[in-house]
Amino acid sequence: VCSHYGEIDGIVNDHKGFNYTNFGTIAHAYMEAVINNTENECPYSSKDIIGLDGSKKDLEIIESVCEKMKTAFKASELGKAAMEAGWHKAEYTFRSRVAGKIISGSIDLVFENQDGTFTIVDYKTNQKIEPEIYYNQLACYRQAVSQMMNVSCDKIKCCLYYLRFNEIRDITEQCGKVDLEKAVNSIFE
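Quantities reported herein were computed from a predicted structural model and do not represent experimental measurements. (Residues numbered from 1 in each chain as written. Predicted model: local features only at pLDDT ≥ 70, side-chain atom pairs only at ≥ 80, totals over all residues. Heavy atoms only, no water.)

Undergrad: Quick question: what am I supposed to make of the pattern of salt bridges here?
TA: Two side chains with opposite charge may pair up if their charged atoms get near one another. Evaluated as defined, the whole model comprises seven salt bridges. Between E39 and K74 there is a salt bridge whose closest N-O contact spans 3.2 Å. Placement of E39 in the loop between α2 (20-36) and α3 (46-49) and of K74 in helix α4 (residues 56-75) is noted, with a sequence separation of 35 residues between them. Of the residues examined, K74 reaches a relative accessible area of 34% and is grouped as partly exposed. In this structure, E173 and K177 form a salt bridge, with 3.4 Å as the shortest nitrogen-oxygen distance. (Salt bridge = Lys/Arg side-chain N within 4 Å of Asp/Glu carboxyl O. Helix = DSSP H or I, 4+ residues; strand = E, 2+ residues; numbered from the N terminus. Buried < 20%, exposed > 50% of the residue type's maximum accessible area, 1.4 Å probe, protein only.)

Take a look at the structure:
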């Protein structure tokens, strides 16, 4: 577990205009910079930090934590595979038809493995590891990648990467059991 997460929690508690969503956006921007090879640029926008009320100390803590998470991801099995991939996309937007409805979203990371299979990665900054709450989400992503890349779903791996814990959870099997039509219809009821 990242040793500075107590400090992040404190920053969120100290600033009414800065919350975990803001932190998640910044953390995701750091991961996107790794994939897009733009690490030398500031990955986040000024609107992401406006709620810090100009606190340089708190911004430095956030940047330090994000740097540590970025470094850990790059050294992870998943990070190395993504960096070695010939084709990869960060923040990959999609539209997919499921159960007669159009689902749209943005996949944090998808890449093609050397064997022609694909891996979907969804970054999580959650305080707890609860992969079961993301089965439907990644099953939708899997369906979208299948349609866009014209490959069967069984050639697409689904992973959660918990940034706080530097932990990978492969939820491919669980995503394969999701009844997407039922899941999508329940959202629109």
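Undergrad: Just to check I follow, could you spell out the pairing of strand β4 (residues 156-162) for this structure?
TA: Across a regular strand the side chains alternate sides, sitting on one face of the sheet and then on the other. With six of seven residues buried, β4 is to be regarded as a mostly interior element. Read from strand β3 (residues 118-124) through helix α6 (residues 135-149) to β4, the crossover connection turns out right-handed. Note that β4 and strand β5 (residues 167-170) share four bridges and pair antiparallel. Residue pairing in the sheet places L160 in a bridge with R169 of β5. Counted between consecutive antiparallel strands, the loop separating β4 from β5 contains four residues, among which N166 sits at a positive phi close to 50 degrees. (Right-handed = clockwise from strand over helix to strand, strands pointing away. Pairing = 2+ DSSP bridges.)

Undergrad: Honestly, the sheet that holds β4 in this entry has me stumped. Any pointers?
TA: Hydrogen bonds between backbone atoms are what pair the strands of a sheet, whose relative direction is either parallel or antiparallel. Spatial strand order, β1-β2-β3-β4-β5: five strands in an open sheet with mixed pairing. In this open sheet, the two edge strands, each paired with only one partner strand, are β1 (88-98) and β5. If you compare each strand with its neighbour and ignore which way they point, the axes differ by 40 degrees on average. Sheet topology places strand β2 (residues 101-112) next to β3; four bridges connect them, and they run antiparallel. Counted as the bridge partner of E112 is F118 from β3. Sitting on the sheet, α2 is in contact with β1, β2 and β3, with an inclination near 110 degrees to β1. Those strands touched by helix α5 (residues 77-84) are β1, β2, β3, β4 and β5, and its axis lies near 90 degrees from that of β2. (Axes fitted to C-alpha atoms, helices over the stretch in contact; angles between N-to-C directions. Contact = heavy atoms within 4.5 Å.)

Undergrad: Before we go on, may I ask you to explain the environment of V151 in this structure?
TA: Position of V151 relative to the elements: it lies in the loop between α6 and β4. Here the alpha-carbon distance between V151 and T117, two residues 34 residues apart in the chain, equals 8.3 Å. Look past the residues within four positions of V151 in its chain and what remains in contact with it is F118, S146 and I156.

Undergrad: Explain unusual backbone geometry here, please?
TA: The general pattern is negative phi for most residues beyond glycine and trans for most peptide bonds. In this structure, D53 is a non-glycine residue whose phi angle is positive, near 55 degrees. As for its placement among the helices and strands, D53 is situated in the loop between α3 and α4. Taking relative accessible area as the criterion, D53 reaches 63% and is therefore assigned exposed. The backbone of E91 sits at a positive phi, close to 50 degrees, despite the residue not being glycine. Within the secondary structure layout, E91 lies in strand β1.

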